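Examination of the molecular architecture
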Amino acid sequence: MNLFSQLDEELQPTHEVLAEGAVLMRGRARREDGLLLAGVEAVARAVPFRQMATPGGYRMSVAMTSCGRVGWVSDSERNGYAPGDPEARRMWPGMPEGFRELARASAEEAGFKGFEPDTCLINRYQAGAKLGLHQDRHERDFRQPIVSVSLGLAAVFLWGGFERTEATKRILLEHGDVLVWGGASRLRFHGVMPLKPGVHERTGVYRYNLTFRRVG
Ligand code: SIN
Ligand code: FE2
C-alpha cells in the first residue's frame with residue numbers, strides 16, 4: 001500500500017451498508033476520541049454511571065448515564081425517558097462539546113439529513129456485561145435515526161430482524177466505529193454479546209457506547 005492509498009483510507013472511513021437504512025462507518029469517530037472520552041467523563045461526574053433495575057426485576061449488567069434534554073431511566077416500575085436521574089436527584093447535563101455535531105454529520109453521511117438529537121445515552125460495559133435483544137421504540141418519531149458510537153474495547157453487536165426470533169448477524173464494533181440505523185431498519189432488533197475481558201489503551205477495562213436519539 002502506498003502513502004496515498006493509506007491516507008485515503010484514513011480520511012474516508014469505509015461505509016458499509018448492513019441493510020436498507022443501516023450504515024456502518026468503521027473508524028468514523030476515531031479522530032475525535034479524546035473529545036468524546038472527555039465528554040463521557042464530564043457527564044459521569046455530573047450523573048455517575050449506575051446499573052439500573054429493570055421492570056422485570058433484574059439489574060442490568062450495563063452501567064448507564066445520559067446527557068441532553070432527557071435521558072434513560074429504568075427501575076422496577078417503568079422504563080423510559082426522563083429529564084434527570086431520580087436516584088442521583090440530578091438533571092442530566094447538557095451534551096458535551098462535539099457530541100451533537102458528530103451525530104448530525106454521521107447521520108447525514110448515512111443519508112439522514114437534519115438529525116438533531118435531544119439525548120445521548122451512554123452505556124458502559126465491563127467484562128461479561130451484555131445487552132439483550134431489543135428494539136429502540138420509546139422515541140416519538142421513527143423517521144429519526146439512531147446514531148451509535150463505540151469507544152474502547154470491541155464488542156460483538158447482534159443485528160437482527162423485525163421479530164425477536166429472527167436470526168441475527170454478528171458485527172464486531174471497535175473503537176471509533178459509528179453505526180447509524182434508521183428508515184426501513186429503524187425498528188430492527190439488536191443487542192450486545194457479553195463483553196470479553198481486556199484492556200484498551202484509551203478506556204482501560206471498559207467499552208463505552210453512545211447512542212444519539214431524537215426522543216420528541
Ligand atoms: C443500544 O442498543 O442501546 C446500545 C448498543 C451498543 O451498546 O452497541
Ligand atoms: Fe438499543
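Residues numbered from 1 in each chain as written. Chains lettered and ligands numbered in written order. Predicted model: local features only at pLDDT ≥ 70, side-chain atom pairs only at ≥ 80, totals over all residues. Heavy atoms only, no water.

1. Points about the site of ligand 1
Around ligand 1 sit Asn123, Tyr125, Leu131, His134, Phe157, His190, Val192, Arg207, Asn209 and Arg213, and those are all the residues in its vicinity. At 2.5 Å from an oxygen atom of ligand 1 is found a side-chain nitrogen or oxygen belonging to Tyr125. Relative to its unbound accessible area of 260 Å², ligand 1 is 97% covered by the protein chains. Here ligand 1 is seated within the largest pocket. Secondary-structure elements contributing two or more residues to the shell around ligand 1 are β8 (119-125), β9 (131-134), β14 (190-192) and β15 (207-213). If one sorts the elements of the shell around ligand 1 by residue count, β15 sits on top with three residues. (Near = heavy atom within 4 Å. Polar contact = N/O pair within 3.5 Å; in protein donor to acceptor, adjacent residues only side chain to side chain. Areas by Shrake-Rupley, 256 points an atom, 1.4 Å probe, with all protein chains shown as cover. 1 Å grid on protein atoms, 1.4 Å probe; cavity = no way out; pocket = protein on both sides within 12 Å on 5 of 7 lines; lining within 4 Å. Sits in = over half its atoms within 2 Å of the grid points. Helix = DSSP H or I, 4+ residues; strand = E, 2+ residues; numbered from the N terminus.)

2. Quick look at the sheet that holds β14
Here we have four strands laid out as an open sheet, ordered β9-β14-β11-β12, and antiparallel in their pairing. The sheet terminates laterally at β9 and β12 (169-173), the two strands that pair on one side only. Pairwise comparison of adjacent strand axes, ignoring direction, gives a mean angle of 20° for this sheet. Pairing of strand β11 (residues 155-159) with β12 involves five bridges; the strand directions are antiparallel. (Pairing = 2+ DSSP bridges. Axes fitted to C-alpha atoms, helices over the stretch in contact; angles between N-to-C directions.)

3. Describing the pattern of salt bridges
Tallying each qualifying case throughout the model produces 17 salt bridges. Put simply, Lys113 and Glu108 hold a salt bridge, and the shortest N to O gap is 3.3 Å. You can call Lys113 exposed: its relative accessible area is 69%. Through salt bridges with shared partners, one network takes in Glu101, Arg104, Glu108 and Lys113. (Salt bridge = Lys/Arg side-chain N within 4 Å of Asp/Glu carboxyl O. Buried < 20%, exposed > 50% of the residue type's maximum accessible area, 1.4 Å probe, protein only.)

4. Focus on the layout of surface pockets
Considered as a void within the structure, the largest pocket measures approximately 670 Å³ in volume. Forming the boundary of the largest pocket are 34 residues, of which Met60, Trp72, Leu131, Gly132 and His134 lie nearest the centre. When contributions to the lining of the largest pocket are tallied by element, the ones reaching two or more residues are β4 (71-74), β5 (79-82), β8, β9, β14 and β15. Grouping the constituent residues of the lining of the largest pocket by class yields 14 nonpolar, 13 polar and seven charged. (Points joined across faces, edges and corners; volume = space filled by probe spheres on them. Nonpolar A, V, L, I, M, F, W, Y, C, P; charged D, E, K, R; others polar.)

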